[in-house]
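The residues making up each chain are set out below.
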Protein chains: 2
Amino acid sequence: MPRTFTENENTERCFIRRIHRDRIETAEKNALPKRDLNRLVRIYKALGDGTRLKIAFALAEGEMCVCDLAAYLKLSESAVSHQLRLLRDLNLVKNRRDGQILYYALDDDHVFDFLRIGLEHVRE
Amino acid sequence: MPRTFTENENTERCFIRRIHRDRIETAEKNALPKRDLNRLVRIYKALGDGTRLKIAFALAEGEMCVCDLAAYLKLSESAVSHQLRLLRDLNLVKNRRDGQILYYALDDDHVFDFLRIGLEHVRE
DNA sequence: TGTATATTTTAATAATTGTTCATATATCTA
DNA sequence: TAGATATATGAACAATTATTAAAATATACA
């Protein structure tokens, strides 16, 4: 419960307690730049979805086309395509065209590492 | 658009194309166990939120109590508490009580590594 | 024991996100 | 160039999730 003060109409309310001012200031000073934070949030969020994480791990074994992924995931190709676009916007996956078919793959080894570290963490 | 077949009432419909059967089968065979996948999704999802990621990076510098975090994030203590519970359920953070105050910290070095790897990835 | 502080919990609303459906684009082949 | 295949896109709905508000614990202190 916020602390209450005797106050009149002109009193500025301040319901924020500050127990450890120094810790708060340190956190503020060392906070990630908004840009980094947002990029990181979007990457974690992208992988924080069953469909997309399955896509990522499937692609970690080699490239697949949209309809392969749709068959594997038992989802519509449209649904898969939407998710792939999201992953592509974040440079987590890339594609190459061979005729009518678009083959998707992980964008680079860094993405693979990212997945591997996560998996190690979970398996301990 | 799914392929269509001439069919009667008893024909089993199959609108799923299978361009590269082998790739699909490999993906199916090597798919992560549901349990691992779910845990991993929940962890990525937990960090895929601005508030929680800020909390995680703040705690990476040292423990803080709920009201410190609320002041730092300019959020209600209730909101912070909700997010902390979520992080705690996933063993990403832990707490210790000192009197009335609960101090939160990252659960272990592994979590720190997880954050660090992500950050490196973003900063390239 | 009673009151204040620090945090948690529950329920409800508000915001976000995944999937579907319909349509559009891009490439191939006849 | 027409029709088929492979994928992408936009809009809408359904499901999920974050935040708020109010009430509930849990500890300290007088």
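So, a few notes on the structure that sits alongside this text.

Lining the immediate environment of DNA strand D, one finds 29 residues, of which A:Cys65, A:Cys67, A:Ser78, A:Ser81 and B:Gly99 sit closest. Breaking the surface near DNA strand D down by element, the ones donating at least two residues are helix H4 (66-73), helix H5 (77-89) and strand E3 (101-106) of chain A together with helix H5 (77-89) of chain B. The greatest single-element share of the surface near DNA strand D, amounting to 6 residues, is contributed by H5(A). Of the residues in the surface near DNA strand D, the class split is 11 nonpolar, 12 polar and 6 charged.

All names here are of chain A. With antiparallel pairing, the 3 strands of this open sheet are ordered in space as E1-E3-E2. Every interior strand has two partners, whereas the edge strands, strand E1 (64-65) and strand E2 (93-98), have only one. Pairing geometry for E1 and E3, over 2 bridges, is antiparallel. Each bridged residue has a counterpart across the sheet, and for Cys65 the counterpart in E3 is Tyr103.

Turning to the pairing of strand E2 (residues 93-98) of chain B, a few remarks are in order. Residue and element names in this part refer to chain B. Judged from the 6 bridges that link them, E2 and strand E3 (residues 101-106) form a sheet pairing that is antiparallel. Across the sheet, the residue bridging to Arg96 is Tyr103, located in E3. The loop that links E2 with its antiparallel partner E3 comprises 2 residues; one of these, Gly99, has a positive phi angle of about 70°.

Rules and cut-offs
- Residues numbered from 1 in each chain as written.
- Chains lettered and ligands numbered in written order.
- Predicted model: local features only at pLDDT ≥ 70, side-chain atom pairs only at ≥ 80, totals over all residues.
- Near = placed C-beta within 6 Å.
- Helix = DSSP H or I, 4+ residues; strand = E, 2+ residues; numbered from the N terminus.
- Nonpolar A, V, L, I, M, F, W, Y, C, P; charged D, E, K, R; others polar.
- Pairing = 2+ DSSP bridges.

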